Amino acid sequence: MKTRIPALFAGLVLGGSLLLVSSGAVAAVTPPGPGPAGKGVCAVEATAARAGATVETLRAFGNCEINRRLATLNDLSARVSSSKVLTGSDAAALTAEIGSTRAGLTSLKATIDAETSIPALKVDIVKIATNYRVYLLVVPQVNLVSGSDAVLASQARFATLNTNLTARIAAAKAKGKDVTAAQADLDKMNAAVTAAVGLASPLPAALLPLTPAQYNGGTAGPILANARTALGKARDDLKAAVADAKACRDALK
Amino acid sequence: MNRPVRSVTTLAAAALILGMAVVGCAGHNGGAVNGPAGSTSVVQTARTGATEPPVPTPAPTATPADATPSAGSTGAPNATADPLYAMLTNLDQLLNGLNGSLSGSETGTSGGE
């Protein structure tokens, strides 16, 4: 009995957020998009399960953790379907992943609902996190692939901008204006866009195949981290490109 | 005795207003033939409608953050009519979305997994 209770809580920590929720150890970061969907929403169930691990309390905790993940998946799904920057293939891949994760969690919920054994429930609860990795894998995948595709989508917009500014430079030059600075700004803009696109282009192909098993094995985490770093640099490049475009415009006034 | 004085005053005031209206029209290349000469502002409104090309005037509602409010009066391209402003605003919005994606992918949002 002495070993069963610690094992139970170890399982809960792995499977959900029992100890993290109770201790407040998770950083209070509120994402703008689909996120944890309320890390504290299962605090009551977590406390009850910790106070007395019964089939009912464990089941309630497990179901709560599944439900908040399903809510997150619904948000992600809506975001993918309404995205204006995701490519068709990337959107389809993300939709499929969200759908399979949702189906798996729904099936696991049915298993938990039917379970009458505490040890079996402990195993099932662990699976909520380890088999699906909604918050550590799926949410970052959706965000990072969306961000990458946004960078790629910006390329066409910058191309239009380049056409507009090039025409303005030509017109100013025809009037005898010195356009050296404007042309330099435009060249910088185009170089920054090229750099950003180069950083973002390989990311979807690297991110989409990642699985919860790869995350658990430690191989997906570095890929996610590297993608986040690359996307951050791409974002900075695009910010610089916009600033260059504005400088070019101002130089022509 | 007062009545003739009042009439002269009224006549002078009317002449002054009419004169101002005529001078105002002359300063803007004329064009007040269709409008009543009762007040300067009416005359100028009529002139604007008659002589301005159909270029969009600055919208009274939101303008892009980087638009120059006085652009129309300084001879610079009209902020709301210039496609460049729309393009840059569009890219700013895209960057905002990108920032949101980056924030949403941070490990701090792991939800306790």
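Residues numbered from 1 in each chain as written. Chains lettered and ligands numbered in written order. Predicted model: local features only at pLDDT ≥ 70, side-chain atom pairs only at ≥ 80, totals over all residues.

### A few points about the overall build of chain B
And step 1. Within chain B, the regular secondary structure consists of 4 helices and 0 strands.
And step 2. Counting from the amino terminus, helix and strand elements in chain B follow one another as α-α-α-α.
And step 3. Here chain B holds 113 residues, and 17% of them are scored as buried.
And step 4. Considering only intrachain contacts with a sequence separation of at least 6, the fraction spanning at least 24 residues in chain B is 7%. (Helix = DSSP H or I, 4+ residues; strand = E, 2+ residues; numbered from the N terminus. Buried ≥ 20, exposed ≤ 12 C-beta atoms within 10 Å, placed from the backbone. Contact = placed C-beta atoms within 7 Å.)

### Topic: the overall build of chain A
And step 1. If you tally the helices and strands in chain A, you get 11 helices and 0 strands.
And step 2. Per-residue burial over chain A gives 43% buried out of 253 residues.
And step 3. Restricting the contact set of chain A to residue pairs at least 6 apart, pairs at least 24 apart contribute 77%.

### Observations regarding the packing of helix α7 (residues 134-174) of chain A against helix α11 (residues 220-251) of chain A
Residues and elements named next belong to chain A.
And step 1. Orientation of α7 relative to α11, taken along the N-to-C sense of each, is 25 degrees, at an axis distance of 10 Å. By the angle between their axes, α7 is roughly parallel relative to α11. Our pair here, α7 against α11, has a crossing hand that is left-handed. Residues L137, P140, L144, G147, S148, V151, S154, F158, L161 and L165 of α7 form the contact with α11, whose own contacting residues are A220, L224, A227, R228, L231, A234, L238, A241, A245, C248 and R249. (Axes fitted to C-alpha atoms, helices over the stretch in contact; angles between N-to-C directions. Parallel < 35°, antiparallel > 145°, perpendicular 65-115°, else oblique. Left-handed = near helix turned anticlockwise from the far one by under 90°.)

### A few points about the environment of I169 of chain A
All names here are of chain A.
And step 1. Within the secondary structure, I169 sits in helix α7.
And step 2. Judged by the 20 C-beta atoms lying within 10 Å of it, I169 is buried.
And step 3. For the pair I169 and T180, spaced 11 residues apart in the sequence, the C-alpha separation amounts to 9.2 Å.
And step 4. If near-sequence neighbours (up to four positions away) are discounted, I169 is found in contact with V179, A182, Q183, L186 and L252.

### A short note on helix α3 (residues 43-51) of chain A
And step 1. All of the buried residues in α3 of chain A are E45, A46 and A49 of chain A. All buried residues of α3 of chain A lie within an arc of 100 degrees about the axis, which places them on one face of the element. (Arc of directions from axis to C-beta.)

### Focus: unusual backbone geometry
And step 1. One non-glycine residue with positive phi stands out, namely R133 of chain A, at about 45 degrees.
And step 2. Relative to the helices and strands, R133 of chain A is located in the loop between α6 (118-130) and α7.

### Overview of the confidence of the model for chain B
Residues and elements named next belong to chain B.
And step 1. On average, residues of chain B score 54 in pLDDT, and 25% of them reach the 70 mark or higher.
And step 2. No element of chain B has a lower mean pLDDT than helix α2 (residues 40-51), at 35, and none a higher one than helix α4 (residues 83-104), at 93.
And step 3. Segment residues 20-77: pLDDT under 50, and 58 contacts once partners within four positions in sequence are set aside and those in other chains are kept. (pLDDT = per-residue confidence, 0-100.)

### Regarding the environment of L86 of chain A
Residues and elements named next belong to chain A.
And step 1. Looking at the element boundaries, L86 is found in the loop between α4 (55-82) and α5 (88-114).
And step 2. With 64 residues separating them in the primary sequence, L86 and A150 have C-alpha atoms 7.0 Å apart.
And step 3. Once residues lying within four places of it in the same chain are set aside, the contact partners of L86 are V80, A91, S146 and D149.

### A closer look at α7 of chain A
And step 1. With 41 residues, α7 of chain A should reach 60 Å at 1.5 Å per residue; the first-to-last C-alpha distance of 58 Å fits that figure.
And step 2. Remark: G176 of chain A follows α7 of chain A within two positions and exhibits a positive phi of approximately 90 degrees. (Expected span 1.5 Å × (residues − 1).)

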